[in-house]
Structure formats: C-alpha cells, structure tokens
Amino acid sequence: MRDVDKAPPDPAGEQRKADATEHRRQVSNALARLFGSQLMEIPFGPDIRTADRERVTLAAMQAGTPYIWGPALPRDLTGGRRGGIDLLVKDTTGYVPVLVVRHKTSDPGHGARTSPLSHPLPNGARVDPARKVRPQPRDQLRLAHAQRQLQAAGFAKHGRAMAGVIGMDADVVVWHDLEAPTWPGGRTALAEYDARFSDRLAVAGAAARGDEPLARPSRIVECKSCPWWPTCDVELKRTRDVSLVARGEDAIALRRAGVSTVDQLAEQTVGEPLIPLVGMPFDDAVILARAWLRDLTVVRRSERMTVPRADVEVDVDMESFADLGAYMWGCWLSGENVDEEPGYRAFATWDPVPSDDEARSFAEFWTWLTAVRLRARARGLSFRAYCYNELAENRWLLGSAERFKGMPGIPPVAQVREFIKSDAWVDLFGIVREEFLCAHGKGLKTIAPVAGFTWRDPEAGGENSMRWYRDAVGMDGNPPDDDQRRRLLEYNEDDVRATHALRNWMSSEEIKLLPFAGDL
Ligand code: SF4
C-alpha cells in the first residue's frame, strides 16, 4: 500500500499536532526551570537519526540521569517494539514513563493519584481531594508500550508498573496503575495492550510476508480524517461493505450475524430486529441500507412533520475557538416587524479569546435578543429562536453568563437557563434527528443542501473556521487578517441562513417530495 494515493493531511489535525507540540515545548521549559541540569533533553531534528537518539537515551539511562526529556527508547527486537515517550523519570529502582498531552487527564472529584510537577515521581503521589482520573484509554496504551520497552531494556522501575500523564493544565502528574484491573472484564492496561499489540504485530507480519491479509477496512469514526480513506472507500464500496451504513462495533456485530453487505442489511425485515445495535436502532439501519442502495442522502420518517414556528423568528449560530471562548454570536431575524432591520447581524470580538471583550460581545448579543423577545411579546406576537445542535450554543450561553458574571449587560445564569428550557429555544438538530434518517450524517452541511441551500464559501466548515480564526486575530504572530474576519462573518451568516432555509423547507409542502421511509 506504500504507493497508493493518500488523502492530503487534514488541516485541523495538523493544527492539533502543532498545538500539541507547542504544549509539550512549554511543559519541557517548565521542567527545565524546575530541574536545571538534572534534566537532559535528547536531541531531536530531521538530521538526527533515530538509532542515534536511541543510543543517547540508553547512555543517559545508564548514567542514571534523573529526568530525560524526549527519549527514544532502546529498540525491543524480540518484542518487535520501538518508540519514544515524552519524559522518563528515575525512581529509586528504575525509570517510569510520563506522557505529556494536550487534553484533560482528570475531572473535578477525588481519588486520582497525583503529584506536583515539581516532584513528578510515583513515590510522591497522593490521593487528590479535588480530582478524579479520566481513564483516557489511548494514553494508558501508549504508556504500556513504553513500559514494555523499558522492561525489555532492563530499565523499568521494580514492582508495580506505574506511569504518569501531564495534561492540558500541566499543573500535576496524574498516575495510572498499569496493573490495576480497571479495564472492561477486569483486565489491566498492560494485559489489554499486550493483546492489542500482538494482534497488530500479526497483521503487520502477514503484510510483510505477503501472506493473506489479516486486516481489512471497516468504517469507523476516524476514517473521516484518515489518510488511507481513498483506498478504503473504494474497497468498501466494491464489496458493498455493511460498515458503509452501520459503522464501528455495529458493523462487526452485523457481520457476525451473517450480514456483511449493505444489500443483505437492506433485505432484513423492519420490525424484526436481528440483533441489537449500539449506534442506531436496527430498523433504522435497514431503512438506511435501502436508502443507500437508492443513493438517497435523506429520507423522512413520518408522513407529516411539525416544526414549531413563530411570528418573530431568530436563527442563532455561535462560533467558538476550541475550549477557549465564544467569539461570535450571529443572528438572522425574520418574521413580523419588531422595529429591527430583518436579516443578519453578528456580535463579535476580534480580541483573541479568552478576553474580556468576549463579555462585551456576549452582553450585546443577549441584550439584543432579549429586546426582540420583549418587543414581540409587547405586540402580542409569538417568538422563537433556533439553533442547530444546542449542546454547543447552550454550553457557551451558560458558560459565558457564568464566566462574566457581574460585568455590564451579562444576564444572571438563571435567566439564561430559563430561556434554554423554554419553548422559545428550538434545536433544529433534535427535530432533524427525530424526523429524518440520514445516510451521510446529520450535520447542517449535509442536510441544508437537501433543502436547496448552498454555502458561498466552498471551504466552509467548522474545522477550517478554526484556521481562519487564528489568522483573523493574528494568533500565530502575524498581523490580524481582515479578509479572514470577513470570511468568518460570511460563513456565520450562511450558517444562520442555512437553518432558516432548512426549517422553511421542512414546514413547506415540498417536504412531501422527499422519499418516505415507509415506502422504501
Ligand atoms: S478503515 Fe478507516 S481508519 Fe482504517 S485505514 Fe481505512 S480509512 Fe483509515
């Protein structure tokens, strides 16, 4: 497969990698300040061979260096392993692997074993009264891999296999006991890793020997950003694989039950589920398979559908940047006159989030929305606001009211909560989920085109907007880019126009032209 065409790198994934590299750099700087000459960094760069890095790491361990940053662990030729880890810390009897990640490693609660960054050793760990562990299985598997390499090289700490993670906040090390039975079925992280690793080694071995392949494509969530998708997509379509409709664990369960192709799934009887599925009800999978065979993106579940409408309507779309802040609240006003210009307006801040100016833009948005609501009520008109997938909007409505409490124009959290719970706040995504079966996902970018809507920007999308935002506010050291600000405003405007178009279409007679699930 080395020579096949691969999908270009996903820009959002590349950005995440760059952010993670920057995060690791900051953690290594913090550790260098704490430990000075006790910390050794293994040189890294395009001209430095991995074998040389392995040799330097081995020498550092033999010399008993207390902290080793960026080690390339000695190759384990017998076990078929190679790789590195972010940090090795020396305990009294050997080394312990520590991973540095840019995600959360704990949640509020208690019971996690943590130690401060200034003493990143398992023997300094205490039961944390303010944190509970987020299991993060992938982190544990990476740590188990490093642990096995350390064991093979004879440098692992004696006794219980412990391994640490420094997360997004980079204030403590969270410790995992790799020998505790915390995995499903009472397995340990090491046992889980061993089973998965030997499975992958067998797959790779068969490929290297040119034997019958032991692995084949099956669609999972990660396929969306996988470089091999162009190859797997062709193969899955050629075999009409059932995972094209029911992905992940459901595809495995269906194959076990003798349903390997979309055609076989489409032949199942609705109302007589063969097996329970986790991703969707079995009957929905059967209808989706039938829709797939007819090349239909969307079919409707019911003969008549109801979308709550009002005299005065506002479509709302919020734009946020990662977990850092909500920088724009865009609105499309339509319906009866409330002495406000109908159409689009945006309440935005171009100070990089998080910033206090975010409070100003949120307050202006809320004040405007409330004024429209009150004016509609004063005129005896009904009012509703719409969004697409309220999870995101609600999170930032409540989060902004909480974070900016007491600042000018910021509503009390209770007021926001009351609005969210009221009939005036409508989640169109929830209605789409209820009313439609979607063969290619339920995202607005997939559904709105069925209603005849198109985005002006051919690259419009949540992931791309992150990149535009960085340029718009000059996040990477460049001057702020006005063109990218305009692009974000246009993108946000099109999003609210899309929900507007979608609900108009759902309320119209045209919806009856859409194939009905019961007819398939
Ligand atoms: S099946 Fe999906 S995740 Fe696996 S290699 Fe193919 S595209 Fe990538």
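Because the structure is predicted, anything quoted here is derived from the model rather than measured.

Another aspect to go through is the domain arrangement of the protein chain. Under the domain assignment, the protein chain is made up of domain 1 (11-196), domain 2 (221-295) and domain 3 (312-513). Domain 1 and domain 3 are separated by 41 Å when their C-alpha centres are compared. Each partner contributes residues to the interface: domain 1 has 5 residues there, and domain 3 has 4 residues. Between domain 1 and domain 3, a total of about 410 Å² is buried, with carbon and sulfur atoms accounting for 47% of that surface. Ranking the residues of domain 1 by area buried against domain 3 places Pro11, Ala12 and Gln15 at the top, with a combined share of 67%. The tally of links from domain 1 across to domain 3 stands at 1 salt bridge. We note a salt bridge from Asp19 to Arg470, for which the minimum N-O separation is 3.3 Å. Each residue belonging to the side of domain 1 that touches domain 3 can be placed in one class, and the counts come to 2 nonpolar, 1 polar and 2 charged.

Here the focus is the pairing of strand β17 (residues 383-387). Within a regular beta strand, the side chains point alternately toward one face of the sheet and then the other, so they alternate between its two faces. Across the 5 residues that make up β17, a large majority, 4, are buried. Here 4 bridges tie strand β14 (residues 312-321) to β17, and the two strands are oriented parallel to one another. Paired with Asp315 across the strands is Tyr386, a residue of β17. Across 3 bridges, the pairing between β17 and strand β18 (residues 425-427) is parallel. Its bridge partner lying in β18, Ala385 is registered against Trp425.

Looking now at the site of the ligand. In the vicinity of the ligand, the contacting residues are Pro217, Ser218, Ile220, Cys223, Cys226, Trp228, Trp229 and Cys232. In terms of residue class, the shell around the ligand is built from 7 nonpolar, 1 polar and no charged.

What follows covers the nonpolar core. Judged by nonpolar contacts, the single largest core of 37 residues is most densely connected at Trp350, Phe436, Leu502 and Met506. Broken down by secondary-structure element, the contributors of at least two residues to this core are β15 (325-335), α12 (428-435), β19 (436-438), α13 (444-447), α14 (462-472) and α15 (482-507). With 6 residues, α15 is the largest single contributor of residues to this core. Core analysis: the next-biggest nonpolar cluster, separate from the first, contains 33 residues, Trp396, Leu397, Val413 and Val416 among them.

Our focus in this paragraph is the pairing of strand β12 (residues 172-177). With 5 of 6 residues buried, β12 is to be regarded as a mostly interior element. In this structure, strand β8 (residues 113-116) lies alongside β12, joined through 4 bridges in antiparallel fashion. Pairing of Arg113 across the sheet is with Trp175, part of β12. Between strand β11 (residues 162-166) and the antiparallel strand that follows it, β12, lie 5 residues; Ala170 among them carries a positive phi value of about 50 degrees.

Here the focus is helix α9 (residues 357-378). In this model, α9 (22 residues) spans 31 Å end to end at C-alpha, consistent with the 32 Å of a helix rising 1.5 Å per residue. Of the positions making up α9, those classed as buried are Glu358, Ala359, Ser361, Phe362, Ala363, Phe365, Trp366, Trp368, Leu369, Val372 and Ala376. Summarising the contacts, the buried residues of α9 are in contact with β14, β15, β16 (343-348), β17, α10 (390-403) and α11 (413-421). Looking one or two residues beyond α9, the residue adopting positive phi is Gly380, at roughly 75 degrees.

A full pass over the atoms with the stated rule returns 42 salt bridges. In this structure, the salt-bridge partner of Arg55 is Asp52, at a minimum N-O distance of 2.4 Å. With Arg55 and Asp52 both in helix α2 (residues 50-62) and 3 residues apart, this pair spans about one turn of that helix. Shared partners join several salt bridges into a network, and the residues in it are Arg456, Glu490, Glu493, Asp494 and Arg497.

Turning our attention to the sheet that holds β18. The strand order β16-β15-β14-β17-β18 describes an open sheet built from 5 strands, whose pairing is mixed. Two strands in the sheet have a free side with no partner beyond their single neighbour: β16 and β18. With direction set aside, neighbouring strand axes in the sheet form an average angle of 25 degrees. The strands touched by α9 are β14, β15, β16 and β17; relative to β15, the strand with the most contacts, the crossing angle is about 20 degrees. The strands touched by α12 are β17 and β18; relative to β18, the strand with the most contacts, the crossing angle is about 45 degrees.

Here we take up a positive patch on the surface. On the surface, Lys224, Arg247, Arg433 and Lys442 cluster together to form a positively charged patch. Relative to the elements of secondary structure, Lys442 occurs in the loop between β19 and α13. Of the residues examined, Lys442 reaches a relative accessible area of 32% and is grouped as partly exposed.

What follows deals with unusual backbone geometry. The omega torsion across Val353 and Pro354 is 0 degrees, close enough to zero to call that bond cis. Along the chain, Pro354 falls in the loop between β16 and α9. Positive phi is not limited to glycine here, since Arg240 has a value of about 50 degrees. Among the structural elements, Arg240 can be located in the loop between α5 (229-239) and α6 (249-256).

Cut-offs and rules
- Throughout, a residue's number is its position along its own chain's written sequence, starting from 1.
- With pLDDT at 70 or above as the cut-off, local features in this predicted model cover only qualifying residues; side-chain atom pairs require 80 or more to be listed or tallied, and sums for whole chains, interfaces and linings still use all residues.
- Each side-chain value is derived from all of the structure's non-hydrogen atoms; neither hydrogens nor water enter the calculation.
- Each domain span listed reflects an automatic or database assignment of domains.
- Contact between two residues is taken to exist if any of their heavy atoms lie within 4.5 Å; hydrogens are not considered.
- Two parts placed together each lose some accessible area; with a 1.4 Å probe, that loss summed over both constitutes the buried area.
- What makes a salt bridge here is a side-chain nitrogen of Lys or Arg within 4 Å of a carboxyl oxygen of Asp or Glu, nothing more.
- Polar here means any residue outside two lists: the nonpolar Ala, Val, Leu, Ile, Met, Phe, Trp, Tyr, Cys and Pro, and the charged Asp, Glu, Lys and Arg; Gly therefore counts as polar.
- Accessibility here uses a 1.4 Å probe with only protein chains present; expressed as a share of the type maximum, an area under 20% marks a residue as buried, one over 50% as exposed, and anything in between as partly exposed.
- Under the DSSP-based scheme used, a helix requires at least four consecutive residues in state H or I and a strand at least two consecutive residues in state E, with every element numbered from the N terminus.
- Strand pairing is defined by DSSP finding a minimum of two bridges between the two strands.
- Whether a residue is near a molecule or strand is decided by its heavy atoms; if any one of them lies within 4 Å of it, the residue is near.
- Remark: nonpolar core denotes a set of buried residues (Ala, Val, Leu, Ile, Met, Phe, Trp, Tyr, Cys) joined through side-chain atoms within 4.5 Å.
- Here a helix's expected span is defined as the number of its residues, less one, multiplied by 1.5 Å.
- As a rule, the C-alpha atoms of each element are fitted with a line to give its axis, helices using only the stretch in contact, and angles between N-to-C directions run from 0 to 180 degrees.
- Candidates for patches are residues over 30% relative accessible area with no salt bridge; among them, like charges are joined within 9 Å and nonpolar side chains (Val, Leu, Ile, Met, Phe, Trp, Tyr) within 5 Å.
- Using the Shrake-Rupley algorithm and a 1.4 Å probe, accessible areas are obtained, with residue cover drawn only from the displayed protein chains.
- Asp and Glu are treated as the negative residues and Lys and Arg as the positive ones, with His and the ends of the chain left uncounted.
- By convention, the charge on Lys lies at NZ, on Arg at CZ, on Asp at CG and on Glu at CD.

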